[in-house]
Structure formats: structure tokens, C-alpha cells
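Single-letter residue listing:
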Amino acid sequence: MAGCVSRVELSVSCRSLLDRDVGSRSDPLCVLLQDVGGGQWAELDRTERIKNCQDPEFCKKLVVDYYFEKVQKLKFGVYDIDNKSFDLNDDDYLGGIECTLGQVVSSSMFTRPLELKQGKPAGKGTITISAEEIKDTRVVCLEIEAQNLDKKDFLGKSDPFLEFYKQSDAGTWQLVYRSEVIKNNLNPCWRKFSVPLQTFCGGDFNKPIKVQLSEILFVVISNPISDVSYHVEFECIHPEKKQKKKSYKNSGIIRIKSCKIETEYSFLDYVMGGCQINFTVGVDFTGSNGDPRSPDSLHYISPDGINEYLIAIWSVGSVVQDYDTDKLFPAFGFGAQVPPSWQVSHEFALNFNPSNPYCQGIQGIVDAYRQILPQIRLYGPTNFSPIINHVARFAAHSAQQGTASQYFILLIITDGEITDLDQTRQAIVNASKLPMSVIIVGVGEADFKAMEFLDGDNGVLRSPAGEPAARDIVQFVPFRQFKNAPREALSQMVLAEVPKQLVSYYKWQGWAPVKPPEIKKM
């Protein structure tokens, strides 16, 4: 399971709160609760109490761990506090809201009317929430070379590499970066590298850094980023040689060619900065799924109204929908004969409207899927490339704008019998240069070796001509692994890679968020 993407702090303010106190105004406090399942809510945090105020702007921030791949249901409750008890049950309730953390972080300002209970407004009261990521976004970028190193190998030259250590508060040294090895070279120049400033020195420019060269030579230096205006050189000292030889000078020089502090943006920076995530679904309607009227078919809708296709749509869509403002999702099928000509199509709109294939919300996709099933004939072959290329055209158009404003996620649900593997490899390699990710959910019990090959986790995916993918954009998950797991487990697995994929694309392009975060002075 992916670790926490980051922590966010929520700023809360209210307007026009109900007045519950006699002779004075309410004394409001806001509490934050998170859904922990089974109808239970757990308190995460609460603000301070503000006396005699119907339009409070709370100073205390509410802190919550943020996971893109989860639907995190939150409840904000505002209470009039008239005693010193921590328990809120004896305080007047001024109203609250329920929402998801995804809705909050994808809005610059999230404002909703307060309700005393569902459907009953709390007067004219409103609550406004804004989110900010807790982090230091800076990275240190270093370019380093060495000159005149001692020979270490008996028969040849040295194979030097660098290790950087920071000093902990306890005085111990902690490894923060190890370079690549350069073979047979006494004057090596290492690749430029970057390390988060927090990792490199805890954000403290004055903390000493130890540089160790090839496990033997080392030098303790002042932090190279404390003065980045000139090229800095340090002597490499071999402790044993220095002790044995009075004439010993050094075992070479380490030279810092360049040292820069840069800002590295996160997934939340892009989302909060205005990046929309566009969600498209592609459904496999090939004959290998089986006749939808038969209970053996993967498209058979059980008496409780679900099948593996529908569960996958709901699981992934319920997370992604919070990051798309218009909630209009294009949905396509492939591999079926469609009326009126009954030609096989590898890219038909689920709503049979090719000029407007958009469905209203995730429920709209589900409704279109259920309505189309009796109207088409499952056929074949199973071609992925047309629908990948379809979404890629939109992603390419967005990329031409040169801004981090649109990112595309394509969810393909399939029984795994892919026919156009070479064309799909080429489509994915092409798409890897665009702002998009492809999620493949494999349903049924088929052999998914081709899907695992496309995933590229075991090496870089290449086109038939040998061109490597610019970045890894495919995530494959077999549904059978999640048959007996909670429904949200599937979305957590398939979406865990998306934040990294989105950031890697915009970093590769060198694009900042549309509205970059304000840089706070340290």
C-alpha cells in the first residue's frame, strides 16, 4: 500500500452562525471527524473556541493525512461552547457539513451551507474550508566533480562514488545520498542530482555535511548550500595516510561545480493550483466475456445489480470524480458489433452519442453501461490501441497549451485477451510523452501476462521498434485479488501511482502549477 502522499492543514471560517446564547453571541468551535467505516466517525482535530462571534475565522489549523487513492469522508461540526468540558454532547450544535477531502483540496475555497441535519439548514450559516500542504517544497541540486584522486585499485585506477551524510541532532551521521560509480577514473564528474532540502540538511543551511568518497576518503565540510555563489573546493583526506606521512597533503580535491535551490512541486500543488483530472472509461465487450444473459458471463448483472465491471467503475470513479469540476465523463466500449450496421467497433460511445459521449457523473456511466448491454453483440477482437489513442488526442491538445491545467486518466476494464499488443505498445509509448495515465483492471480468471507486460514494472516498456516509454504510465491490477477485499481496496491499489505519474510528467516538462503555491519565508 502506498504511504501517505502528504499532510494538509485546513483553514476554517464561518459566516452567519446561529445565535444560541442569551444576552451575547455564540462562542463557536469547529471539530473535524473522519469516517472510519461502519457508520462510525473518529475525531481528528478541533479548532480553538472564539468568544462572542457569529463570523469566526479560526486560527488553529486542522491537520489531516491525505491519500489521493482513498475517498476520505470528513465531517465538520460547529458547536457553541459554554463550558470547559472536552465532551461536545452538552454543547449547542450550530451546524455541520459532510464532504470528502478530495473535494476540499481540489477547490481553492470550499464553501457550503451549514445544516443542523440532512436537508435542514442552520439558518444562513456557511462554512468555508481551504487546504494547504504541510511541507518544504525546495530541493538542492548539486553537480560535483573530483580531481587528482589517489589510485585505489592495485591494477587499475579507482572506481569512485560519493556519499553524503547529514548530522542528526544527536550528532550521528545519516546517509542522505549515494552517487553512481564511475569506473577507472581519477578525475570523475558525477551526474547532476537533486535531494529534498528537508532530507539533505533538515532545511538548515548551517548544518555540516559529511562527504565520503569510495568508502575511504572523506571530508567534513560546511553545508555547500550555505554559500552557492561560487565554486567551492574541498580536500579529500585519507585518515591513515595522514597519520603515517608527515608530507601528506591530500588524496584529491572535490569541487562543487554548481549548487542551486529549486522548488519541487507536489501532486497537491498541481491540484490546488488548478489542474483538472479528466476521467475516461473503456469497457471490453468482446465475446470472450460470455453472453451477458448467462450467469457465467463477466457482464452478467447479478440480482443485487452489480458485476466486476460495475464495481471497478464505481471504485475508481468515486475517487477521481472529486477532481473534475463538471463531472462529465466520456465512456466507451470496444470489441462489439453495434447497431444499426452491426459493424465491429473498437471505440463506441456507451450512450450511443459519438458527438457527445459524456455521462453525467459515475452514476451516468453505470446507467449507460446497463442500457447498452442488451443492445449490442459481444464480438471481437480485443483492441486497446484505438481508445488509448482517442484519449491521447485530447491529452496532446492539452499539452499544446503548455500549462499544467489538464491531466487524463483512462480506465480500461478487460477480460485480458488482448489482440493488438504491438499497436498498444506503440500507443502507450506515444502516450507516455503526454499528460495521461492508463489504468487496466483485469476481470475474470484469464492469463494476464500481456497486461503485466504493458505495466512495465519489470523493466521499461518499449515500442515494437525499440523506443522506450518516456515514463511509466500504466498500472495493471487483476480484479480477482480484490474479490473478498473491501471495495475501496481496489481503488487504493490502482490509483496509488497516479500522483507520482502526474508530477513526473509536469516535472519532465518543467511546468509549474497554473497557480503556484505562495513561498513562505523560512
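Everything discussed here concerns the structure shown above.
In this text, all values refer to a predicted model and were calculated from it rather than measured experimentally.

Considering the arrangement of structural elements, one finds Asp91 in the loop between strand E5 (73-80) and strand E6 (92-100). A polar atom in the side chain of Asp91 sits 3.5 Å from the side chain of Asn83. Those residues in contact with Asp91, other than ones at most four positions away along the chain, are Tyr79, Asp80, Ile81, Asp82 and Asn83.

For the rest of this paragraph, the subject is the pattern of salt bridges. Enumeration over the complete set of coordinates arrives at 17 salt bridges. Here Glu308 ties to Lys483 by a salt bridge, and the two come within 3.6 Å at their closest N and O atoms. Pair noted here: Glu308 is in helix H5 (residues 308-320) and Lys483 is in the loop between strand E26 (474-478) and helix H10 (487-495), with a separation of 175 residues, a long-range link. Glu308 gets classed as buried once you look at its relative accessible area, which sits at 14%. Because the salt bridges share partners, they merge into one network encompassing Glu145, Glu233 and Arg255.

On to helix H6 (residues 361-372), then. Quick reminder: α-helices carry 3.6 residues per turn. Residues three or four places apart thus point the same way. In this model, H6 (twelve residues) spans 17 Å end to end at C-alpha, consistent with the 16 Å of a helix rising 1.5 Å per residue. Buried within H6 are the following residues: Gly361, Ile362, Gly364, Ile365, Val366, Ala368, Tyr369 and Ile372. Its buried side turned inward, H6 meets strand E17 (276-284), H5, strand E18 (328-334), strand E21 (348-349) and strand E22 (358-360).

H10 packs onto H5 with a crossing angle of 65° between their chain directions and a minimal axis gap of 9 Å. Handedness of the H5/H10 crossing: right-handed. Residues Ile311, Ala312, Ser315, Val316, Val319 and Val320 of H5 pack against Arg487, Leu490, Ser491, Val494 and Leu495 of H10. In the contact of H5 with H10, the residues fall into eight nonpolar, two polar and one charged.

Working note: non-glycine residues mostly have negative phi, and peptide bonds are mostly trans. Cis geometry marks the peptide bond from Pro339 to Pro340, where omega comes out at 0°. Inspection of the secondary structure assignment puts Pro340 in the loop between strand E19 (336-338) and strand E20 (343-345). Following Gly380, the chain continues into Pro381 via a peptide bond in cis, with omega recorded as 0°. Within the secondary structure, Pro381 is located in the loop between strand E23 (377-378) and helix H7 (385-399). With phi around 60°, Trp342 is a residue other than glycine that occupies positive phi space. You can see Trp342 is positioned in the loop between E19 and E20.

This next bit is on the nonpolar core. Soluble globular proteins tend to bury their nonpolar side chains together. Counting 116 residues, the largest nonpolar core has Leu10, Phe76, Ile127, Phe279, Phe285 and Met436 as its most contacted members. Shared between two domains, this core takes at least three residues from each, and those domains are domain 1 (7-134) and domain 3 (277-504). In this structure, Leu142, Val211, Phe234 and Cys259 belong to the second largest nonpolar core, which totals 26 residues.

Pairing within the open sheet is antiparallel, and its three strands lie in the order E20-E19-E23. If you trace the sheet from one side to the other, it starts and ends with E20 and E23, each paired once. For E19 and E20, the ladder comprises three bridges, and the chain directions are antiparallel. Looking across to E20, one finds that Ala336 is bridged to Ser345.

Another point: the sheet that holds strand E12 (residues 193-196). Ordered in space as E12-E9-E16-E15, the four strands form an open sheet in which the pairing is antiparallel. Where the open sheet ends on each side, the last strands, each with one partner, are E12 and strand E15 (232-235). Put simply, the sheet's adjacent strands are angled 35° from each other on average, direction ignored. The sheet contact formed by strand E9 (residues 138-147) and E12 spans four bridges and is antiparallel. Bridge pairing in E12 places Leu142 opposite Phe193.

The next subject is the packing of aromatic side chains. Under the defined criterion, the tally for this structure stands at 21 aromatic pairs. Both rings, one in Tyr265 and one in Tyr270, keep their centres 6.1 Å apart while their planes meet at 70°; by these two values the pair is edge-to-face. By relative accessible area, Tyr265 is classed as partly exposed at 21%. The class for Tyr270 is buried, based on a relative accessible area of 2%. Between Phe448 and Phe476, the aromatic rings sit 5.3 Å apart at their centres with planes inclined by 50°, giving tilted as the arrangement. Of this pair, Phe448 sits in the loop between strand E25 (436-442) and helix H9 (449-455) while Phe476 sits in strand E26, and the two are 28 residues apart along the sequence. Since its relative accessible area comes to 8%, Phe476 is described here as buried. Lying across the ring of Phe86, Arg46 places its NZ or CZ 3.6 Å from the centre. The aromatic ring of Tyr165 is capped on one face by Lys210, whose charged end is 4.9 Å from the ring centroid.

Conventions adopted
Here, residues in each chain are numbered from 1, in the same order as that chain's written sequence. Whole-chain, interface and lining totals are the exception, using all residues; otherwise, since this is a predicted model, local features are given only for residues with pLDDT of at least 70 and side-chain atom pairs are given and counted only at 80 or more. With hydrogens and water stripped out, all remaining heavy atoms of the structure feed into the side-chain values. The secondary structure listing takes helices from DSSP runs of H or I that are at least 4 residues long and strands from runs of E that are at least 2 residues long, numbered from the N terminus. Pairing of N or O atoms within 3.5 Å defines a polar contact, subject to two protein rules: one partner must be a possible hydrogen donor and the other a possible acceptor, and residues neighboring in sequence count only if both atoms are side-chain atoms. Residues are treated as being in contact if the distance between any of their heavy atoms lies within 4.5 Å. Definition used for salt bridges: Asp or Glu carboxyl oxygen within 4 Å of a side-chain nitrogen of Lys or Arg. Only protein chains enter the accessibility calculation, which uses a 1.4 Å probe. A residue is then buried if its area is under 20% of the maximum for its type, exposed if over 50%, and partly exposed in between. Here, expected helix span is obtained from the residue count minus one, scaled by 1.5 Å. Fitting a line to C-alpha atoms yields each axis, with helices limited to the stretch in contact; the angle taken between N-to-C directions then spans 0 to 180 degrees. Each helix crossing is assigned a hand: it is left-handed if the near helix lies turned anticlockwise from the far helix by less than a right angle, otherwise right-handed if that turn is clockwise. Under the scheme applied, nonpolar residues are Ala, Val, Leu, Ile, Met, Phe, Trp, Tyr, Cys and Pro; charged residues are Asp, Glu, Lys and Arg; polar residues are all the others, including Gly. In plain words, nonpolar cores are sets of buried Ala, Val, Leu, Ile, Met, Phe, Trp, Tyr and Cys residues tied together by side-chain atoms within 4.5 Å. What counts as a domain boundary in this text is fixed by an automatic or database domain assignment. Two strands make a pair as long as DSSP finds a minimum of two bridges between them. Any two rings among Phe, Tyr and Trp, with Trp reduced to its six-membered ring, count as a pair given centres within 6.5 Å; such a pair is stacked if its planes are under 30 degrees apart, edge-to-face if over 60, and tilted if neither. Over a ring means this: the NZ of a Lys or the CZ of an Arg is within 6 Å of the ring centre and within 35 degrees of the ring normal.

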